[in-house]
Amino acid sequence: MKRGYGGVAIIWKKEINENIKELIDGGNRIQAIHIQQGDKPICLINVYMPSDSKNADIEYKDTLAQIDEMIEKYKDTHEIIVCGDMNGSLDRSSTPHDKILKTFCKEKCIGNTEKCPVKETFYHQNGMSKGQIDYFLFKSNSEIINKIRQIDVLDTDPENTSDHVPVILTLNSQLKKVREKATTIIAKPKWTDCDHQIYKEVINKELPKLMQKSKGIIEKDIKI
């Protein structure tokens, strides 16, 4: 997307890097990650849907189609969470995108959960338009719903310069520790305790032998 026109980002603490893997699916309005947790990993799909402007229905449907492809790809191996600015509401029917989003959620058996309060998440700068268009959406049979501790929609705040308010999902989930890779520690010589004379004699004796066997691969010669 053009700079300054919005977008999506997923941020996590570096302490859990080993539990996170970026997924390459989706287009420029979608980012997704694999979260290793519990018995089944989470596929978190973060999306910024096209705004409800003139001739935007085609792009809106196309973005939903990309989400659908990801849901079908990961539904058997992951718990699916779709989140973001949907630019459509499940609690009203005043715009074309509201109807498209409702139809999509009904057909794909995904939607909001009762644990989320019905509360505006978007306040237009003109002060005349508002609505709930930011969601966390789940498959209707998803086990992850039982792990939801709460979903909070924050109030407007003077320090928040966005026309959206934060929506926070809290899960009771245990990150699954990934087996750490074995590391090889190469100790450096302690030159202050080294017999320099013996070192020189060994080098002078062995180096000519090495050069005779060398095939011109310097990395291999150094290792030997």
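Residues numbered from 1 in each chain as written. Predicted model: local features only at pLDDT ≥ 70, side-chain atom pairs only at ≥ 80, totals over all residues. Heavy atoms only, no water.

As annotated in an unreviewed UniProt entry, the chain is E3.1.11.2 from Mytilus edulis.

Here's the deal with the overall build of the chain
Counting its secondary structure elements, the chain contains 4 helices and 10 strands. Ordered by position in the sequence, the α and β elements of the chain form the string β-β-β-α-β-α-β-β-β-β-β-β-α-α. Each of the three principal axes of the chain carries a C-alpha extent, and together these read 90 × 40 × 40 Å. Every one of the 224 residues in the chain was classed for burial, and the buried ones make up 35%. Within the chain, contacts between residues at least 6 apart in sequence are counted, and of these 61% link residues at least 24 apart. When the accessible surface of the chain is summed, it comes to about 15,900 Å², and 52% of that surface belongs to carbon and sulfur atoms. (Helix = DSSP H or I, 4+ residues; strand = E, 2+ residues; numbered from the N terminus. Buried < 20%, exposed > 50% of the residue type's maximum accessible area, 1.4 Å probe, protein only. Contact = heavy atoms within 4.5 Å. Areas by Shrake-Rupley, 256 points an atom, 1.4 Å probe, with all protein chains shown as cover.)

What about the pairing of strand E3 (residues 42-48)?
Most of E3 sits inside the fold, with 7 of its 7 residues counted as buried. Going residue by residue along E3, you find Ile 42, Leu 44, Asn 46 and Tyr 48 tucked away on one face and Cys 43, Ile 45 and Val 47 tucked away on the opposite face as well. The sheet contact formed by strand E2 (residues 30-35) and E3 spans 6 bridges and is antiparallel. Paired with Ile 33 across the strands is Leu 44, a residue of E3. Counting the residues in the hairpin turn of E2 and E3 gives 6 residues, including Gly 38, whose phi is positive at 50°. Direction of pairing for E3 relative to strand E4 (residues 79-85): parallel, over a ladder of 7 bridges. Residue Leu 44 lies in a different strand from E4, and its bridge partner there is Ile 81. (Pairing = 2+ DSSP bridges.)

Observations concerning unusual backbone geometry
Here Asn 87, not a glycine, exhibits a phi torsion of approximately 45°, which is positive. As for its placement among the helices and strands, Asn 87 is situated in the loop between E4 and helix H2 (96-108).

A look at the nonpolar core
Among the nonpolar cores identified, the biggest contains 23 residues, and Ile 45, Leu 64, Ile 67 and Val 82 are the most heavily contacted of them. Residue assignment for this core shows that the elements contributing at least two residues are E2, E3, helix H1 (57-74), E4, H2 and strand E8 (134-139). Aside from chain neighbours lying at most four places away, what touches Val 82 is Ile 45, Val 47, Ile 67, Ile 71, Tyr 135, Phe 136 and Leu 137. Of all hydrophobic cores here, the second largest spans 19 residues; its members include Ile 33, Ile 42, Ile 145 and Ile 148. (Core = buried A, V, L, I, M, F, W, Y, C linked by side-chain atoms within 4.5 Å.)

A word on the pairing of E8
Judged by how many residues are buried, E8 sits mostly within the fold: 6 of 6 residues are covered. The sheet contact formed by E4 and E8 spans 5 bridges and is antiparallel. The residue bridging Ile 81 from the neighbouring strand is Phe 138, located in E8. Here 2 bridges tie strand E5 (residues 110-111) to E8, and the two strands are oriented antiparallel to one another. Along E8, the bridge assignment pairs Ile 110 with Lys 139.

Some words on the confidence of the model for the chain
Summing up the model confidence of the chain, the mean pLDDT is 87 and the portion of residues at 70 or higher is 93%. Element-level pLDDT for the chain is lowest in helix H4 (residues 218-223), with a mean of 80, against a maximum mean of 96 in E3. (pLDDT = per-residue confidence, 0-100.)

Side note on the environment of Lys 147
Assignment of secondary structure puts Lys 147 in the loop between E8 and strand E9 (148-153). Considering only alpha carbons, one finds Lys 147 and Gln 174, 27 residues apart in sequence, at a separation of 10 Å. Those residues within four positions of Lys 147 in sequence are excluded, and the remaining contacts are Gln 37, Thr 170, Leu 171 and Asn 172.

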